[in-house]
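# Remarks on the overall topology
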Amino acid sequence: MIPACRLEDLPRGEAHRLDVDPPVSVFHTDDGELFAIDDTCTHQDASLADGWLEGCEVECPLHASKFDLRTGAVDSPPAKLPVRTHEVFVEDGMVYVRLSMDAPNLPPCVAARLAGGPA
Amino acid sequence: MVGASLAGLSAARSLRKQGYDGRLVVIGEELHRPYDRPPLSKEFLAGILGEAELALESADEDLAAEWLLGVRATGLDHTERAVRLADGREVRADGVVIATGAAARTLPGSEGLAGVHTLRTLDDARALRGELAEGGRLVVIGGGFIGAEVASTARALGLDVTVVEAAPTPLAGPLGEAMGAVVSGLHTDHGVRLLCGAGVKGLSGETRVDAVLLEDGRSIPADIVVVGVGARPCVEWLAGSGIALDNGVKCGADGRTSLAGVVAVGDCANWYDPRTAAHRRVEHWTGARERPDAAVATLLAGGAVEPGAPRPPYFWSDQYGVKIQFAGHAAGADSVTIEAGAADDRDVLAVYRRAGHPVAVLGMNQPRLFTRWRKQIASTTS
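The model shown is predicted, which means the values in this text are computed figures rather than measured ones.

Another aspect to go through is the overall build of chain B. Along chain B, the regular secondary structure elements total eight helices and 25 strands. Considered along the principal axes of its C-alpha atoms, chain B spans approximately 55 × 55 × 40 Å. A burial count over chain B gives 44% of its 382 residues as buried.

Think of an α-helix as turning once every 3.6 residues; residues three or four places apart then point the same way. All names here are of chain B. Within the sequence span of helix H3 (residues 122-132), burial applies to Ala125, Leu128 and Leu132. Down the axis, H3 shows its buried residues gathered within 70 degrees of arc, on one side only. Across H3 from its buried face, at more than 90 degrees, point the exposed residues Asp123 and Gly130. Packed against the buried residues of H3 are helix H2 (43-46), strand E8 (116-117), helix H4 (145-156) and strand E15 (224-227).

Below, the discussion takes up the sheet that holds strand E17 (residues 249-251) of chain B. Residue and element names in this part refer to chain B. Pairing within the open sheet is mixed, and its three strands lie in the order E17-E19-E20. The strands lining the two open edges of the sheet, one partner per strand, are E17 and strand E20 (278-281). Pairwise comparison of adjacent strand axes, ignoring direction, gives a mean angle of 30 degrees for this sheet. Where E17 and strand E19 (residues 269-273) come together, three bridges link them in parallel fashion. Counted as the bridge partner of lysine 250 is asparagine 270 from E19.

How each quantity is defined
- Throughout this description, residue numbers start from 1 for each chain and increase along the sequence as written.
- Here the convention is simple: chains get letters from A, ligands get numbers from 1, in the order in which they are written.
- Totals for whole chains, interfaces and linings use all residues, but because this is a predicted model, local features are given only for residues with pLDDT of at least 70 and pairs of side-chain atoms are given and counted only at 80 or more.
- Labels follow the DSSP assignment, with helices taken as runs of H or I lasting at least four residues and strands as runs of E lasting at least two, numbered in each case from the N terminus.
- Exposure classes come from backbone-placed C-beta atoms, where a residue is buried if 20 or more other C-beta atoms lie within 10 Å of its own, exposed if 12 or fewer do, and partly exposed in between.
- This arc describes the spread of directions from the helix axis toward the C-beta atoms.
- Each residue is represented by a C-beta atom placed from its backbone, and any two residues with such atoms within 7 Å are regarded as in contact.
- Whether two strands pair depends on DSSP finding at least two bridges between them.
- Lines fitted to C-alpha atoms define the axes, with helix axes restricted to the stretch in contact, and inter-axis angles between N-to-C directions lie between 0 and 180 degrees.

Nothing here speaks to function; it is geometry throughout.
Structure, rendered in structure tokens:
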């Protein structure tokens, strides 16, 4: 498990990106719930932490695909694949993330970069 | 569903999502299943994305629709509730969604001249991609978004590129003069010649284009020409149907047309915009994606639903590695302020205001701040 940030440093409506590879973001919804999903949109290299958070959905800041924070499912094009979800919990005011062991659905350009190939 | 691109597909999805379980027929003029058009001037044209990756449907998606592809609709008979097709067939329906899109405007006199392209469809993009691969001198007529993206892609492929724009400043319509100049400055930053205030008189060449002739007498040598001078709504097939047409299909704020049981979405639809109290035909991807939800609700409810406030129009463009994003209406603004970054660095967040209230926002490589402002504009102008 990875310490993400202090809960008091993550106000409702905000997101915190963890510098893991591939990056993961913790979202604090307006209703006070916490969710962690892969930060990279499955369509193109965009950070979902920069996106439009509304209810339990985040909209990609570039092309408006919406991901369900609870399930990782995508509701509309251009993205077609879900993001991974990760377990998140709070202990002594600290937000922790337990990373999923599933394979991530990364966009082609990012997958190539992580594999050491040309971007 | 007349039209099988993003707006038509989104409407089909909305129908199923909103509980319609009856027969669903999707008519498309192109042979292809729905595909994503924005990459046609960018990653697809550059050879980075293949055709399979343009598909808008996911592999396991089943809308239980009948697809009539490769056939054009030629008429709408409202009394019979029927759509006539070019091959003589007729499709009867209880409800019709018009999503026939827009077609690229061409340059009069350029028909039949090899090397001259427009870019709207997958077939257009295939043809242009093949020619760009051979290199040479490209002249882009029109400094709008399609033209600018083609110039950017072609420059990255190593072509010699000139952009010819009739107006003094490209993109002044959507972005205003000041920011139009900043964004179109990307061309000269990257070694592309930008000729502004340059009206085009015609093209020269016998069987293949060899130059673009300007009204001021200049002749710009060209091996390939891309004409990017806008699009016109595809509504000719509706002539005589009795539907109200005005710069496309005239629609209310919920997609309803002048005919009961008929709604229109996407590039061909001129929706009433309550924010500006005027009709506005929006050719953005996000409009084609979002508005069918409301139009389908209207269709299913027989016009009894009150439409929610639409989000401000949003579009993006990728040019020379820079993410350009814009939301709102620039036309009504009386001031533009740079809130972050610097125009010269092409890394900028600019906010357009009217009487002190933000009405539009432009971002260049500023997705995080841009989204914040976009949300704020949506909340303050609704």
